[in-house]
Amino acid sequence: MTDFVAARKAMVDCQVRPSDVTSYPIIAAMLAVPREEFVPRAARETAYLGAHIPLAPGRVLLDARSFGKMLEALNIQPTEMVLDIGCGLGYSTALLARLAEFVVGVEADEAMAAEAEAILAAQSADNAVVVAGELAAGAAAHAPYDVIVLQGAYETMPQALVDQLKLGGRIAAIHAEGAYGTCRIGIKTSAGVSWRRAFDAAAPVLPGFAAAPAFVF
């Protein structure tokens, strides 16, 4: 039987710390949140391997390295409100809840959203909620947000999400470039979102975030 506590420490020591994730609150959160509780039961034994974990067709739980580096780049503060897009079974939401004042997870799969709510409640993540709905629509009822995080890739960023971000707020997302991608950090300005490259990463494009097919004569 897997020693999940030891596996969690190994994940942090071998995947996260060597990837320039040095923030103590992030390391502490990753050591505390039981990743194995937030994956499909059949995937529990592989919860701490250094790879994305499939949640549903076209949907994954991001690998610890990628998400840890996202969190490091975002530098989330304890007073901030975060929108977590594509939260799956709630692992990312649980981590964010340990860093931020409040987190709103959005999940399109209603069954997965309900399960995420139940797991988060069992883990006493009292400053987080999960909303079932289209990922590209966000959660306008709780806006504006200081930070938005995408648990997957995008080809085009929906304006609805940009509109829910505070001026000066940050957004972290993997920009899909064919089979490859780069994680970008965006800052909302009066002119839109100003993006910078953070690190290489790849993930499936989230539903509602694909570019429209180019019209060819």
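Reading the values: rules and limits
- Positions within a chain are numbered from 1, following the residues in the order the chain's sequence is written.
- Per-residue local features of the predicted model are confined to residues with pLDDT of at least 70, and side-chain atom pairs are confined, for both listing and counting, to 80 or more; whole-chain, interface and lining totals are unaffected and use all residues.
- Only hydrogens and water are set aside when side-chain values are computed; all heavy atoms of the structure are taken into account.
- Helix and strand definitions here come from DSSP, where helices need a minimum of 4 consecutive H or I residues and strands a minimum of 2 consecutive E residues; each element is numbered from the N-terminal end.
- Burial here depends on accessible area, computed with a 1.4 Å probe over protein chains only, as a share of the maximum for the residue type. Under 20% is buried, over 50% is exposed, and the range in between is partly exposed.
- Each polar contact in these results corresponds to two N or O atoms within 3.5 Å; when the atoms are within protein, one needs to be able to donate a hydrogen and the other to accept it, and residues that are neighboring in sequence are counted only if both atoms are side-chain atoms.
- By definition in these notes, contact holds between two residues if any of their heavy atoms fall within 4.5 Å.
- Note on pairing: DSSP must find at least two bridges between two strands before they are called paired.
- Think of each axis as a best-fit line through the C-alpha atoms, taken over the contacting stretch in the case of a helix, with angles from 0 to 180 degrees between the N-to-C directions.
- Each crossing gets its hand from how the near helix is turned against the far one by less than a right angle, where anticlockwise is left-handed and clockwise is right-handed.
- Any residue outside Ala, Val, Leu, Ile, Met, Phe, Trp, Tyr, Cys, Pro, Asp, Glu, Lys and Arg is labelled polar, Gly included; the first ten of those are nonpolar and the last four are charged.
- By definition here, a salt bridge exists when the distance from a side-chain nitrogen of Lys or Arg to a carboxyl oxygen of Asp or Glu is within 4 Å.

Caption draft 1: Geometry of the side chain of arginine 170. With respect to the element layout, arginine 170 can be found in strand β7 (residues 165-177). Under the relative-accessibility criterion, arginine 170 is labelled buried at 14%. Engagement of the side chain of arginine 170 in a polar contact is seen with the backbone oxygen of asparagine 75, the distance being 3.2 Å. Not counting residues up to four positions away in its chain, the partners in contact with arginine 170 are Leu74, Asn75, Ile76, Glu80, Asp146, Val147, Ile148, Leu165, Gly186 and Ile187.

Caption draft 2: Representation of the sheet that holds strand β4 (residues 102-107). As summarised here, the arrangement of the seven strands in space is β5-β4-β3-β6-β7-β8-β9, forming an open sheet in which the pairing is mixed. Each edge of the sheet is formed by a strand with only one pairing partner; in this case those strands are β5 (128-132) and β9 (192-200). Averaged over all pairs of adjacent strands, the angle between strand axes in this sheet comes to 20°, irrespective of strand direction. Bridge count for β4 against β5 is five bridges, and the pairing is parallel. Residue pairing for β5: valine 104 is matched across the bridge by valine 129. Contacting β4 and β5, helix α5 (residues 110-122) crosses the sheet at an angle of about 170° to β5.

Caption draft 3: View of the packing of helix α1 (residues 4-16) against helix α2 (residues 24-32). With their axes 8 Å apart at the nearest point, α1 and α2 run at an angle of 145° to one another. In terms of crossing hand, the pair formed by α1 and α2 is right-handed. Residues Arg8, Lys9, Met11, Val12 and Val16 of α1 touch α2, and the partners they reach there are Ile27, Met30, Leu31 and Ala32. Here the contact of α1 with α2 is composed, by residue class, of seven nonpolar, no polar and two charged.

Caption draft 4: Summary view of the pattern of salt bridges. Applying the stated rule across the entire model yields nine salt bridges. Arginine 17 serves as the salt-bridge partner of aspartate 13, at 3.1 Å between the closest nitrogen and oxygen. Look at aspartate 13 and you get partly exposed, because its relative accessible area is 30%. Residue glutamate 107 is joined to arginine 59 by a salt bridge in which the shortest nitrogen-to-oxygen separation is 2.7 Å. Within this pair, whereas glutamate 107 is found in strand β4, its partner arginine 59 is found in strand β2 (residues 59-61), the two being separated by 48 residues in sequence. The pair glutamate 107 / arginine 59 is uniform in exposure class, with both members buried. Through salt bridges with shared partners, a single network forms among Lys9, Asp13 and Arg17.

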